Amino acid sequence: MPAFLTDDWFTTVEQLTAAAGDLNLPPALANLAINLVVTDASGNIELSLDGGKIVKGTSPNAKTTLNMDAETLRKVFLEFDMAAAMQAFMTGKIKVQGDMSQLMALQTAKPSQEQKSLFKSILEHSA
């Protein structure tokens, strides 16, 4: 099981995403791209949520960038813990740059069962 946010982890995420096929996303998520910058002891790791998929590196389509730590990323994006998201935002653990309306779309859009299953599988493959 690869360590969270390592190159091996991103390779595993890519394989799991390809195997998942069509994520059957609502339009609000299918058309959404958000860049994520995760800061940890070794520096910054850049990734994006683009079209409902986790992708290594930033997306040129993103109008918003979120800065956070790895634990917040895990809780918010893999566990879909919206209470943790709100708390992290209110306490400054999530910093937003760019278009805030993108966050509203992310908050109100419901992930498909296919996306939930994919992210659960990603979480299970994360050390």
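Located above this text is the structure these notes cover.
It should be emphasised that the depicted structure is a prediction, and the values quoted were computed from it without experimental measurement. (Residues numbered from 1 in each chain as written. Predicted model: local features only at pLDDT ≥ 70, side-chain atom pairs only at ≥ 80, totals over all residues. Heavy atoms only, no water.)

Participant: What exactly am I supposed to notice about the packing of aromatic side chains here?
Facilitator: Geometrically, a pair of aromatic rings is defined through the distance of the ring centres and the angle of the planes. For the structure shown, the criterion picks out three aromatic pairs. Ring geometry for F4 versus W9: centroids 5.0 Å apart, planes at 85°, classification edge-to-face. Across this residue pair, the class does not change: F4 and W9 are buried. With a centroid separation of 5.5 Å and an interplanar angle of 15°, the aromatic rings of F80 and F119 are classed as stacked. (Phe/Tyr/Trp six-rings, centres within 6.5 Å; stacked < 30°, edge-to-face > 60°. Buried < 20%, exposed > 50% of the residue type's maximum accessible area, 1.4 Å probe, protein only.)

Participant: Sorry if this is basic, but what is going on with the sheet that holds strand β5 (residues 95–98) here?
Facilitator: The strands making up a sheet associate through hydrogen bonds between their backbones, and the pairing can be parallel or antiparallel. Spatial strand order, β3-β2-β1-β4-β5: five strands in an open sheet with mixed pairing. A strand with exactly one partner marks an edge of an open sheet, and here the two such strands are β3 (53–56) and β5. Strand-to-strand twist of the sheet, defined as the mean angle between neighbouring strand axes without regard to direction, takes the value 25°. In terms of strand pairing, strand β1 (residues 33–40) meets strand β4 (residues 64–69) through six bridges, oriented parallel. Residue pairing across strands places V38 opposite M68, the latter belonging to β4. (Pairing = 2+ DSSP bridges. Helix = DSSP H or I, 4+ residues; strand = E, 2+ residues; numbered from the N terminus. Axes fitted to C-alpha atoms, helices over the stretch in contact; angles between N-to-C directions.)

Participant: Looking at this structure, how should I read the packing of helix α3 (residues 70–78) against helix α4 (residues 82–90)?
Facilitator: As a packed pair, α3 and α4 sit with axes 8 Å apart at the nearest point and diverge in direction by 140°. Taken together, α3 and α4 sit at an angle that is classed as oblique. The hand of the α3/α4 crossing is left-handed. Touching T72, K75 and V76 of α3 are M82, A84, A85 and A88, all from α4. Class assignment for the residues of the contact of α3 with α4 results in five nonpolar, one polar and one charged. (Parallel < 35°, antiparallel > 145°, perpendicular 65-115°, else oblique. Left-handed = near helix turned anticlockwise from the far one by under 90°. Contact = heavy atoms within 4.5 Å. Nonpolar A, V, L, I, M, F, W, Y, C, P; charged D, E, K, R; others polar.)

Participant: How should I be thinking about the side chain of Q115 in this particular structure?
Facilitator: Mapped onto the elements, Q115 comes out in helix α6 (residues 113–124). A relative accessible area of 3% places Q115 in the buried class. Residues in contact with Q115, not counting those within four places in the same chain, are L23, L25, L29 and G52.

Participant: What should I look at first to understand unusual backbone geometry in this one?
Facilitator: Peptide bonds are trans in most cases, and residues, glycine excluded, mostly fall at negative phi. If you check the backbone angles, N24 has positive phi at about 50° while not being a glycine. Within the secondary structure layout, N24 lies in the loop between α1 (7–20) and α2 (27–30). Given the relative accessible area of 48%, N24 is considered partly exposed. Phi angles above zero are rare outside glycine, and F80 is one such case at about 55°. By relative accessible area, F80 is classed as partly exposed at 27%.

Participant: In this structure, what is going on with α4? I would like to understand it.
Facilitator: At 3.6 residues per turn, the α-helix brings residues three or four places apart onto the same side. Every buried residue of α4 is accounted for by A84, A85 and A88. One side of α4 carries all its buried residues, which in axial view fall inside an arc of 105°. Exposed and facing more than 90 degrees away from the buried side of α4 are A83, Q87 and M90. Those residues of α4 hidden inside the fold are in contact with α3. For α4, the side-chain oxygen to backbone nitrogen distance between the N-cap and A83 is 3.2 Å, and the N-cap itself is D81. (Arc of directions from axis to C-beta. Polar contact = N/O pair within 3.5 Å; in protein donor to acceptor, adjacent residues only side chain to side chain.)

Nothing here speaks to function; it is geometry throughout.
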